[in-house]
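Structural overview
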Amino acid sequence: MTSDSLASIRPAELAGLDLLASAVVIVDGAGHILYLNAAGENLLESSLKALARQPLGGLFAAPLELDNIIAQAREHKFSDVRQELVLERTGREALHVHIIASALDEPDGTVMIELREIVQQMKQDREERLMDQSQVNKELIRNLAHEIKNPLGGIRGAAQLLEMELPPLHLTHLREYTQVIIKEADRLQTLVDRLLAPHRRPHIVGDVNIHEVLERVRSLILAEFPVGLTIRRDYDASLPEFRGDKEQLIQTVLNIAHNAAQALAARIEQGDAEIILRTRVARQMTLAKVRYQLALDLHIIDNGPGIPPQIRDRIFYPLVSGRDGGSGLGLTLAQTFVQQHMGVIECESRPGQTDFRILLPLP
């Protein structure tokens, strides 16, 4: 199977490979890439157009083991070669994959390679657990908020009536205590309203351009942090519009970006704080247990100190905050809004980089 013949049959015979969740790469006798399915483009973070005719081993820092597997398959020592492999990449996270290499029945040594990312299955399992846990948390918080809300009105009203009945002689002194009760009741009322807000507000759907959303957030953050913070754009201009609630998406990105800016306080003083807003197209993604051909892949990345390890697995839970004085509701609201758009949100954090990733289905 030469590269020319491969290109000629791709529309009919290879298009079905784009439906697979695992990455498929076909290389010629010299190890150069002839074909890459959609999942392969996602895994290697590049397109077939960019990678065609390039050596597959050249994408990795130490490709010797990969080259040996391909050579074994090409020599027909086995019907196929299966192995778990760690593929190191310069400047990027290593890929932990299960590889299956099979020689095609062609005289030029063409080999088909299937790569299944081990971490990806773990991520999907974790996403399902988080979604189930999120649903339980939302029901719990909603019920608890209603139980708190009802007696709060009575407490506040009783404090007001008590204040009205205070004798004039002691009014100035005792009014201080009744005002504490009233103000604390108001503070709790505001907190309860914020907990219930995502469930009360109607979902207003319209055409959304994600870059308009990001530009709005960018202007709001820079207005609050005009000095010492750079917000870098890394947009894919080919992204289509999609149906969604624009205000909810603005609030989602704003909550994450604002948290990032606050975490960057030390770097802002030094003048080297940076937030990156990055958009890409992801193909053949499973979101909330549903398979989509196209998805928006949005990243909000900062170069701050990272999320404290003790709360890293709980950042989307209500009332969990890594900042003194924080309400712990910003990321909970962001997660709720993303799930209302049938998407998922996840986070990877280490000292020097925190990356929030939002995946939303595209038409």
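Calculation notes
- Residues numbered from 1 in each chain as written.
- Predicted model: local features only at pLDDT ≥ 70, side-chain atom pairs only at ≥ 80, totals over all residues.
- Heavy atoms only, no water.
- Helix = DSSP H or I, 4+ residues; strand = E, 2+ residues; numbered from the N terminus.
- Buried < 20%, exposed > 50% of the residue type's maximum accessible area, 1.4 Å probe, protein only.
- Contact = heavy atoms within 4.5 Å.
- Areas by Shrake-Rupley, 256 points an atom, 1.4 Å probe, with all protein chains shown as cover.
- Core = buried A, V, L, I, M, F, W, Y, C linked by side-chain atoms within 4.5 Å.
- Pairing = 2+ DSSP bridges.
- Axes fitted to C-alpha atoms, helices over the stretch in contact; angles between N-to-C directions.
- Expected span 1.5 Å × (residues − 1).
- Arc of directions from axis to C-beta.
- Parallel < 35°, antiparallel > 145°, perpendicular 65-115°, else oblique.
- Left-handed = near helix turned anticlockwise from the far one by under 90°.
- Nonpolar A, V, L, I, M, F, W, Y, C, P; charged D, E, K, R; others polar.

All right, on to the overall build of the protein chain then. Along the backbone of the protein chain there are ten helices and twelve strands. Expressed as a percentage of its 363 residues, the buried residues of the protein chain come to 42%. The contacts in the protein chain between residues at least 6 apart in sequence include a share of 61% that link residues at least 24 apart. Accessible area of the protein chain: about 19,400 Å², with a carbon and sulfur share of 54%.

Moving on to the nonpolar core. The biggest cluster of nonpolar side chains holds 40 residues, and the ones touching the most others in it are I221, L229, I275 and F356. Looking at this core, the elements that each hand over two or more residues are helix 7 (210–224), strand 7 (229–234), helix 8 (246–263), strand 9 (273–287), strand 10 (290–302), helix 10 (330–340) and strand 12 (353–361). When residues in this core are grouped by element, the largest group, eight residues, is from helix 8. Among all residues touching F356, those that are not within four sequence positions of it are I256, L298, H299, I300, I307, I315, F316, L331, I345, E346 and C347. Counting residues in hydrophobic clusters, the runner-up holds 32 residues, among them L44, L51, L85 and L95.

A word on the pairing of strand 9. Here six bridges tie strand 7 to strand 9, and the two strands are oriented parallel to one another. Paired with L229 across the strands is A273, a residue of strand 9. Pairing of strand 9 with strand 10, which is carried by twelve bridges, proceeds in the antiparallel orientation. Residue L287 lies in a different strand from strand 10, and its bridge partner there is V290.

With that out of the way, let us pick up the sheet that holds strand 3 (residues 81–89). The sheet built from five strands is open, its strands ordered 2-1-5-4-3 with antiparallel pairing. Each edge of the open sheet is held by one strand with a lone partner, namely strand 2 (33–36) and strand 3. Averaged over all pairs of adjacent strands, the angle between their axes in this sheet comes to 30 degrees, without regard to strand direction. The sheet contact formed by strand 3 and strand 4 (residues 92–103) spans eight bridges and is antiparallel. Residue pairing in the sheet places E84 in a bridge with H98 of strand 4. Relative to strand 3, helix 4 (residues 64–74) is tilted by about 150 degrees, and along the sheet it contacts strand 1 (23–27), strand 3, strand 4 and strand 5 (111–117).

This next bit is on the pairing of strand 1. Here strand 1 lies mainly inside the structure; five of its five residues are buried. The side-chain alternation of strand 1 yields two buried faces, one formed by A23, V25 and V27 and the other by V24 and I26. In the sheet, strand 1 pairs with strand 5 via five bridges, with the strands oriented antiparallel. Paired with V25 across the strands is I113, a residue of strand 5. Relative to strand 2, strand 1 runs antiparallel, the two sharing three bridges. Each residue of the ladder has a partner; that of V27, found in strand 2, is I33. Here strand 1 folds back onto strand 2 in antiparallel fashion, the turn holding five residues, of which G31 has a positive phi close to 85 degrees.

Okay, helix 7 next. An ideal rise of 1.5 Å per residue puts 21 Å on 15 residues; helix 7 measures up with 22 Å between its terminal C-alpha atoms. Taken as a whole, helix 7 has its buried residues at I210, H211, V213, L214, V217, R218 and I221. For helix 7, the angular spread of the buried residues around the axis is 150 degrees, confining them to a single face. Structurally, helix 7 contributes buried residues whose contacts are with strand 6 (206–208), strand 7, strand 8 (242–244), helix 8, strand 9 and strand 10.

All right, on to helix 4 then. Burial in helix 4 covers these residues: L66, I69, I70 and A73. Projected down its long axis, helix 4 shows its buried positions confined to an angular sector of 95 degrees, all on one face. Buried residues along helix 4 sit against strand 1, strand 3, strand 4 and strand 5. At the C-terminal side of helix 4, H76 shows a positive phi close to 60 degrees.

Another point: the environment of A237. Position of A237 among the secondary structure elements: in the loop between strand 7 and strand 8. On a C-alpha basis, the gap between A237 and T279 in space is 8.6 Å, while along the polypeptide they are 42 residues apart.

A few words now on the sheet that holds strand 9. Taken in spatial order, the five strands of this open sheet run 7-9-10-12-11, and their pairing is mixed. Two strands in the sheet have a free side with no partner beyond their single neighbour: strand 7 and strand 11 (344–350). The average undirected angle you get between the axes of adjacent strands in this sheet is 20 degrees. Strands strand 7, strand 9 and strand 10 of the sheet are contacted by helix 7, whose axis makes an angle of about 170 degrees with strand 7. Sitting on the sheet, helix 10 touches strand 11 and strand 12, and the angle it makes with strand 11 is about 140 degrees.

Our focus in this paragraph is the packing of helix 7 against helix 8. Taken N-terminus to C-terminus, the directions of helix 7 and helix 8 make an angle of 40 degrees; their axes are 9 Å apart at the nearest point. Considering their axes alone, helix 7 and helix 8 lie oblique with respect to each other. Here the hand of the crossing between helix 7 and helix 8 comes out right-handed. Where helix 7 approaches helix 8, its residues E212, V213, L214, R216, V217, L220, I221 and E224 are matched on the opposing element by K246, E247, L249, I250, V253, L254, A257, H258 and A261. Class assignment of the residues belonging to the contact of helix 7 with helix 8 gives a composition of eleven nonpolar, one polar and five charged.

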